[in-house]
Structure formats: C-alpha cells, structure tokens
Amino acid sequence: MKEKWKTLLLSSIIICLCIALLRYPQHSFEAAVRGLHMWWDVVFPSLLPFFIVSEILIGFGVVHFLGVLLEPFMRPLFKVPGIGGFVWAMGMASGYPAGAKLTARLRQQQQLSAIEAERLVSFTNSSNPLFIFGAISVGFFHNPNIGIILALSHYLGNICVGLMMRFYGKDESNAVQKQTKSLLRQAFRAMHETRLKHSQAIGKLLGDAVRSSIQTLLMIGGFIILFSVLNKLLYITNITKWLADIVRYALALFHLPSELSVPFIAGLFEITLGSQMASEATNATLLQKVIITSFILAFGGFSVQAQVASILAEAHIRFQPFFIARIFHGFFAAFFAFILWKPLYVQPLESAETLPVWLPEATIRWPILYIHWIEQYGFFVTAIACFLYVFSAFRREKPPV
C-alpha cells in the first residue's frame, strides 16, 4: 500500500511539472538557457581538469600512496582510510560534486567499506574557494572580506560534520596495525603494486579518464538545467512564496527577518540563485544575509544533492546519511558565520584594515581572476572537450573494416 501511494505521489508531481512547462514555455526556456549557460561557461571547464587529474592519479596508484601516508591522520579523526584525505582535498579544491564522484570510484574499487564511504562522502563535498570568493563574495556581495567568513565557516562546518559522522555506523575494518616499516616505504610500495595491478597504456588511461569525466559532467549539466527550470516554475506559480510563508516562522526563532525567507527557499533548490537573492534582500543586515548564504552554501541545494544521489547510486552508497549531514553542515556553517563575524569583519573595519593581517591580498585576488578567466574562455574549453568526446565515441563504435 505504501508503494502505491509513493507511485501516485511521484506520478502526480511529474504530471504537474509537465503542465507547468506547457503553461509557462517562455519562462522555462529562459531558465533552461540560464542553467545551460552556467554549466557550459563555468561548471564544465572548472571541474573537467580536476576530474581528469583525479582519475589519472587513481590509475597510477598515487591515491594509494597518499592513503598510506594519511592513514594515521584520517583514521583516528574521521574513522575513514587514509585515501579519504585525497578525496577531501580534491573535493575542497574542485567543489560539488567531486567528493561524491571520487568516493563512489574508490568504493567500486573496494577501497572503502559501505559505512566508510557514507562517512567520507558526508564531509568531502563542499563549495570550492573560487566560487565562494569569486562568485559569491565579489560577484554578489561586492565585498571580498565576506568571502573570508563564508570560506572559513564553510570548511570548519565540514570538519565538524566529519567529526560527527565518525560515530555513525559500526566499524567494518580491523584496527589500524602498528607500522613496522618506514611509512614512506610502505606508501611507495602500495603505489607500485597498484600501478602494476592496473597496468595499462598511458594513452588508454588518459582516454578513459577524459571519457569518464565528461560523462559525469554531462549528467551534472542535465541536473543543473532541470533544477534551474524547476526553481523558476516554483517561483512564478507562487509555490516559493507559499513555502516562504512557512519558513519565515522558523527564521523568526533565530531573529532573522522574513525578507530572507524567499531567498532561503530558492537556495534550498539552487545555491547560486539563492545566494544572489540573499545578497540583494532589503530590510536585512549584512550579517543576516551572510548567515543565510552560509547555510545555503553548506546545504548545497537539491540540485547538487540530486547530482550526488545519482553518483552514489552507481556505487550502491546510501544517500540518506549524506542528506542528513548536509542539514547539520548548514547549521554548523551558519553558526560559525555568526561567531566569526565580529573578529574577521567588524574589528578589521574598525581598525581601518581592509583585510586581516594574516591573509595576503593575493589570496583574495587569484580566485577572482580565475573566475573571470573561466567566464571568458570557458566556452572554448567546453566546446573542444565535447568535440573530442563525440569524436572518440564515434571512433570506438565504428565497426572495423
């Protein structure tokens, strides 16, 4: 009976979505173009290099090298193997959903148990510094100092999620064995054995890495376009405003103005639009806007979560722990944004400092310059990569003469 109601609910949602698409074709088209533009010019060229490099590092065994070195750090803190440190670093550098892709890849190779994979994916997915500094702090808030608070609160929140998730599930692996040999020697041996075990020509390894990365990015692009359209339809049908009327009571508990309810709902579906609306909200202080934006960035939006769910399903990793972790990450990030506001924003302004003394100005400028470069030349990177992918696929499917 429960499954019948579930079928009825899902079919009703799809029918309503089809009706909305037919009722508002112009708005749907504009939203789809916006999502396509974001994926084609920014997401694809910024994520493709990280995906390809990570696949090559896994193939050459470098991940296992790092895994042995990081085992004494990752296992006691987060109860995941040392290779989780590589996933964490790549997920932080490249952004959503790189952590999920790498976790699923390692799970498919039996390098992680099911519980370890669920723990790892919960804190290795995050927004990258380029997006936080370039798009959010400078693009929306026009203030690079905001990026410092958002970035620190975001990554500190992720660490708290990782420490919390170490208590999730039962350990499926044996205790860490005492090291009888040099850690560096063991790491090199693990890398060498992995390379020999999966030995293949460099050309084939590179080709497989490119194809796998582009396939993942095509799936990500589909979700971005879909949720861009869905978010627009919810807004023009006043469903967003109806949900905002409910959320405003919850925001009042945290002394946040009701004007932030609509940006909050929009951010639950898509982080870019929600962050932009939060930065433009009236009758809200800058601190209140930053708190809401910090929550939106940490939660990730249903668009990112749908991408992660699709990736995790391929490796038979449960999505529920990841979703719960995103909620906790949102509250942790919002809390840290509130705590860090005075020491990192108010006090530097009062002492006539534009940036904290310990943060070089170049640290703020290079993400902004990189974002501008991606927006200017990302189109060509995406076009060339897609052409090579289609050409490669055509050659592989062409029957021999």
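That block above? That's the structure.
Residues numbered from 1 in each chain as written. Predicted model: local features only at pLDDT ≥ 70, side-chain atom pairs only at ≥ 80, totals over all residues. Heavy atoms only, no water.

S.K.: Help me understand the pattern of salt bridges in this model?
M.R.: Between side chains of opposite charge, a pair can form as their charged atoms come close. A full pass over the atoms with the stated rule returns six salt bridges. Glu 270 is paired through a salt bridge with Arg 34; the nearest N and O atoms lie 3.5 Å apart. Placement of the pair is Glu 270 in the loop between α12 (261–269) and α13 (271–279) and Arg 34 in helix α2 (residues 25–60), with a sequence separation of 236 residues. When its relative accessible area of 29% is taken as the criterion, Arg 34 is described as partly exposed. What you see here is one network of salt bridges that share partners, running through Glu 71, Arg 75 and Glu 116. (Salt bridge = Lys/Arg side-chain N within 4 Å of Asp/Glu carboxyl O. Helix = DSSP H or I, 4+ residues; strand = E, 2+ residues; numbered from the N terminus. Buried < 20%, exposed > 50% of the residue type's maximum accessible area, 1.4 Å probe, protein only.)

S.K.: What am I meant to see in the nonpolar core here?
M.R.: Soluble globular proteins: nonpolar side chains tend toward being buried together. Ile 149, Val 290 and Ile 292 are the most contacted members of the largest nonpolar core, which has 75 residues in total. In contact with Ile 292, not counting residues within four places along its chain, are Leu 251, Leu 256, Leu 260, Phe 264 and Ala 278. Counting residues in each nonpolar core, the second largest holds 16 residues, with Ile 52, Ile 224, Ala 385 and Cys 386 among its members. (Core = buried A, V, L, I, M, F, W, Y, C linked by side-chain atoms within 4.5 Å. Contact = heavy atoms within 4.5 Å.)

S.K.: Whenever I open this one, unusual backbone geometry confuses me. Can you help?
M.R.: Between Tyr 96 and the following residue, Pro 97, the backbone shows a cis peptide bond with an omega angle of -15°. With respect to the element layout, Pro 97 can be found in the loop between α4 (83–94) and α5 (98–108). A positive phi angle, close to 65°, is found at Gln 110, a residue other than glycine. Inspection of the secondary structure assignment puts Gln 110 in the loop between α5 and α6 (114–123). Take Gln 110: its relative accessible area is 61%, and that puts it in the exposed class. For His 142, which is not a glycine, the phi torsion comes out positive at approximately 55°. Accessibility expressed as a relative area gives 63% for His 142, which makes it exposed.

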